[in-house]
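In case you want the letters, here they are:
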Amino acid sequence: MYLYFRYVGLLILIFGLIGNVFTILTLETTKQFYSNPFRIYTIISILNSIFILIIHLGLLIADTFLTCSLRATITWICKLYSYITYFPIYVSITILAVASIDRWFSTCRSTKLRKFSSKRNAIISIIFIVLFFGILLIPHPIYTEVFYDPTRNMTKCNRQKGFYQIYTNYILVLGVHVIPIVVMIIFGYLTYRNLRSGNHLRVIHRITLKERINAQLSRTLIIQIITFIVFIIPNWIVNIIYPAATAQIVNRSAERIAIELFLSDLTMIIYDINFADTFYIFLLVSPAFRRSFKKLLRTTRNTNQIDVLPMHTN
């Protein structure tokens with residue numbers, strides 16, 4: 001069964017990395033996207049996603065080859081993993097929440113509110129988010145250890161029972177997952193309302209290219225929010241809610257342990273789709289992005305053709 005995880009994980013990793021690189025290249029080489037603050041949020045989020053896919057999925061795939069978890073056997077890998085995976089994940093989730101607020105500002109009819117959607121505010125927000133989580137997660141590797149888990153009869157890389165485990169499993173999850181998701185839902189809905197209420201304006205006057213692209217990017221974010229929530233809920237249920245509810249059960253059958261581990265790895269792979277689907281959502285939702293991506297491919301193809309042309313001498 002773990003062979004399926006290996007191949008599915010490889011597919012998500014390959015297509016995710018390719019898609020993320022194409023998204024950055026398309027956004028960076030298109031003038032119409034360059035002035036939009038959402039481009040900054042997206043690029044930083046994608047850079048985090050690339051790192052997450054390589055480290056998180058890479059280790060999961062490595063586990064299937066080695067038939068054991070490096071995180072659960074080597075202490076320094078466990079400690080390093082606890083920081084370099086949670087940091088970009090928390091940054092990406094928070095950036096998505098802040099980007100949803102930016103999209104609401106950008107689609108408001110009020111000129112004063114639209115001014116809050118700016119590249120300057122995007123850069124300041126990202127710097128604050130990075131510094132905040134960079135400092136907040138310093139205790140993570142300190143309190144993370146490889147220890148024996150009697151409920152699953154195996155070694156585990158995690159925070160042991162105590163205040164810090166309660167803090168990370170409940171307080172930090174609430175602050176880094178639940179609150180940002182609530183923000184995404186609220187401002188995603190408000191953005192959707194702004195887009196719907198603005199549709200009638202097309203009858204009155206022709207909207208500019210900048211307004212049309214801004215609306216497409218806002219719709220893209222709404223789809224990202226929906227997919228993010230859909231893919232994260234199974235992970236919450238299996239890896240947070242279920243372990244807390246069954247923590248008192250010590251004597252578990254080998255079959256039950258195998259099922260729990262299978263579901264844990266499965267939901268983690270599903271969760272990682274969040275960091276691999278941005279490019280495909282852009283292709284689906286934004287016609288402007290599709291045109292820019294096709295132009296990028298044509299430019300790349302023409303450049304390669306010029307490079308291979310033979311040199312003629314007189």
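Use the structure listed above.
### Details of the pattern of salt bridges
Here is step 1: One pass over the full model with this rule turns up four salt bridges.
Here is step 2: In this structure, the salt-bridge partner of Asp102 is Arg103, at a minimum N-O distance of 2.9 Å.
Here is step 3: Glu260 serves as the salt-bridge partner of Arg256, at 3.2 Å between the closest nitrogen and oxygen. Placement of the pair is Arg256 and Glu260 together in helix 12 (residues 254-272), with a separation of four residues, close to one helical turn.
Here is step 4: Assessed through its relative accessible area of 30%, Arg256 is described here as partly exposed.

### A short note on the side chain of Asn194
Here is step 1: As for its placement among the helices and strands, Asn194 is situated in helix 9 (residues 163-198).
Here is step 2: Side chain to side chain, Asn194 and Thr107 meet in a polar contact 3.1 Å long.
Here is step 3: Beyond its immediate chain neighbours, meaning those up to four positions away, Asn194 contacts Trp104, Thr107 and Cys108.

### Some details on the packing of aromatic side chains
Here is step 1: A full pass over the atoms with the stated rule returns 17 aromatic pairs.
Here is step 2: Aromatic pair Trp104 and Phe105: ring centres 5.1 Å apart, planes at 45°, arrangement tilted.
Here is step 3: Look at Trp104 and you get buried, because its relative accessible area is 19%.
Here is step 4: When the centroid spacing of 5.5 Å and the interplanar angle of 90° are considered together, the rings of Tyr271 and Phe275 count as edge-to-face. The residues Tyr271 and Phe275 share a single accessibility class, namely buried.
Here is step 5: Three or more aromatic residues link up through ring pairs in this structure, and these residues are Phe22, Phe33, Phe38, Phe279, Tyr280, Phe282, Phe289 and Phe293.
Here is step 6: In this structure, Arg39 packs its charged tip against the face of Tyr34, placed 4.1 Å from the ring centre.

### Concerning a nonpolar patch on the surface
Here is step 1: Where nonpolar side chains cluster on the molecular surface, the patch consists of Leu11, Ile14, Phe15, Ile18 and Tyr280 and spans about 460 Å² of accessible area.
Here is step 2: Of all the elements, helix 1 (residues 2-28) adds the most residues to the nonpolar patch, at four residues.
Here is step 3: For Ile14, the location among the structural elements is in helix 1.
Here is step 4: A relative accessible area of 43% means that Ile14 is categorised as partly exposed.

### Thoughts on the packing of helix 5 (residues 86-107) against helix 11 (residues 209-245)
Here is step 1: Close contact between helix 5 and helix 11 brings their axes to 10 Å; oriented N to C, the two are set at 145°. Along this stretch, helix 5 crosses helix 11, giving a crossing that reads as left-handed. Packed against helix 5, whose contacting residues are Ile93, Leu96, Ala99, Ser100, Arg103, Ser106 and Thr107, the element helix 11 presents Asn214, Leu217, Ser218, Leu221, Gln224, Ile225 and Phe228 at the interface.

### A short note on a positive patch on the surface
Here is step 1: On the surface, Lys31, Arg212, Arg290, Arg291, Lys294, Lys295, Arg298 and Arg301 cluster together into a positively charged patch.
Here is step 2: The element that contributes the greatest number of residues to the positive patch is helix 14 (residues 287-307), accounting for six residues.
Here is step 3: By secondary structure assignment, the location of Lys294 is in helix 14.

### Details of the side chain of Ser286
Here is step 1: Secondary-structure assignment places Ser286 in the loop between helix 13 (278-285) and helix 14.
Here is step 2: Reaching out from Ser286, the side chain makes a polar contact with the side chain of Gln216 at a distance of 2.8 Å.
Here is step 3: With sequence-adjacent residues up to four places away left out, Ser286 is seen in contact with Phe33, Gln216 and Thr220.

### What about the environment of Arg103?
Here is step 1: Position of Arg103 among the secondary structure elements: in helix 5.
Here is step 2: For Arg103 and Ile241, which are 138 residues apart along the polypeptide, the C-alpha to C-alpha distance reads 32 Å.
Here is step 3: Ignoring anything within four residues of it in the chain, the contact list for Arg103 reads Asn36, Pro37, Phe38, Ser117, Thr191, Asn214, Leu217, Ser218 and Leu221.
Here is step 4: Of the polar contacts made by the side chain of Arg103, one reaches the side chain of Asn36; its length is 3.1 Å.
Here is step 5: Looking at Arg103, its side chain comes within polar contact range of the side chain of Ser218, at 3.3 Å.

Parameters at a glance
Residues numbered from 1 in each chain as written. Predicted model: local features only at pLDDT ≥ 70, side-chain atom pairs only at ≥ 80, totals over all residues. Heavy atoms only, no water. Salt bridge = Lys/Arg side-chain N within 4 Å of Asp/Glu carboxyl O. Helix = DSSP H or I, 4+ residues; strand = E, 2+ residues; numbered from the N terminus. Buried < 20%, exposed > 50% of the residue type's maximum accessible area, 1.4 Å probe, protein only. Polar contact = N/O pair within 3.5 Å; in protein donor to acceptor, adjacent residues only side chain to side chain. Contact = heavy atoms within 4.5 Å. Phe/Tyr/Trp six-rings, centres within 6.5 Å; stacked < 30°, edge-to-face > 60°. Lys NZ or Arg CZ within 6 Å of the ring centre and 35° of its normal. Patch = residues over 30% accessible without salt bridge, like charges linked within 9 Å, V, L, I, M, F, W, Y side chains within 5 Å. Areas by Shrake-Rupley, 256 points an atom, 1.4 Å probe, with all protein chains shown as cover. Axes fitted to C-alpha atoms, helices over the stretch in contact; angles between N-to-C directions. Left-handed = near helix turned anticlockwise from the far one by under 90°. Lys, Arg positive; Asp, Glu negative; His and termini not counted. Charge placed at Lys NZ, Arg CZ, Asp CG, Glu CD.

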